[in-house]
Amino acid sequence: MSLDGCIAKQNDDLSFLTLVEKEDKDYGYALFTSEIDTVIIGRKTYDYVVREIGASHYDNGKRDVYVITRTEMPPKGRTIFYTGNIPKLIAQLKAEKGKDIYCDGGAEIINELLENSLIDEFTISVVPILLGGGIRLFKNDRPEQILELTAVKTFETGLVQLHYKRKLSNLVCASS
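Rules used in this analysis
- Residues numbered from 1 in each chain as written.
- Predicted model: local features only at pLDDT ≥ 70, side-chain atom pairs only at ≥ 80, totals over all residues.
- Heavy atoms only, no water.
- Salt bridge = Lys/Arg side-chain N within 4 Å of Asp/Glu carboxyl O.
- Helix = DSSP H or I, 4+ residues; strand = E, 2+ residues; numbered from the N terminus.
- Buried < 20%, exposed > 50% of the residue type's maximum accessible area, 1.4 Å probe, protein only.
- Pairing = 2+ DSSP bridges.
- Axes fitted to C-alpha atoms, helices over the stretch in contact; angles between N-to-C directions.

Draft legend 1. Region of the structure containing the pattern of salt bridges. The full count for this structure, using the stated rule, is eight salt bridges. For D64, the salt bridge identified is with R78, shortest N-O distance 3.0 Å. Taken as a pair, D64 in strand β3 (residues 64-68) and R78 in the loop between β3 and β4 (79-82) lie far apart in primary sequence, 14 residues in all. Taking the relative accessible area as the measure of exposure, D64 reaches 25% and is therefore partly exposed. One continuous salt-bridge network, built from bridges that share partners, spans K94, D120 and R166.

Draft legend 2. Expanded view of the sheet that holds strand β5 (residues 100-103). One open sheet holds the four strands; their spatial order is β4-β3-β2-β5, and the pairing between them is parallel. Only two strands of the sheet have a single neighbouring strand rather than two, namely β4 and β5. For this sheet, the mean inter-axis angle between neighbouring strands, taken without regard to orientation, is 20°. Summarising the sheet, β3 and β4 pair through four bridges and their orientation is parallel. What sits directly across from V67, in β4, is F81.

As structure tokens, this is what we get:
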């Protein structure tokens, strides 16, 4: 995301991400994706990545890809176009044996997961740019969640990766 919290410009333009692209740098992405076997992604983000990079970026034959969409479509390889209830999907996936689940956006999906306390860890890569507006990663009017910073990585391109785990609160409710 940009330093001012946007994951895209208003017109879904992600070109600002190229500011930190470097041929020999994957910023730990290969290692990270070796630890997952499921990807959750919104349709707009999926379409952009397929257009710019190719479908094999997500569906490499080694993991399931759930594209959250409002349009029914048949599966393509291990890519499933999912139109159902997202919290139910996550509960089902977490109940299955496997590796971690990775959500690569977009903002609508992230915020629905946040509203249902379904994100356990965050890796947020901050690109050194102020967009001045756009699609914000975190929307307002969602439950407060306390996070614990577990790591910070900085790179010569100016990119900073922040790693957080969600703290589970010891909430005590009392009534009179």
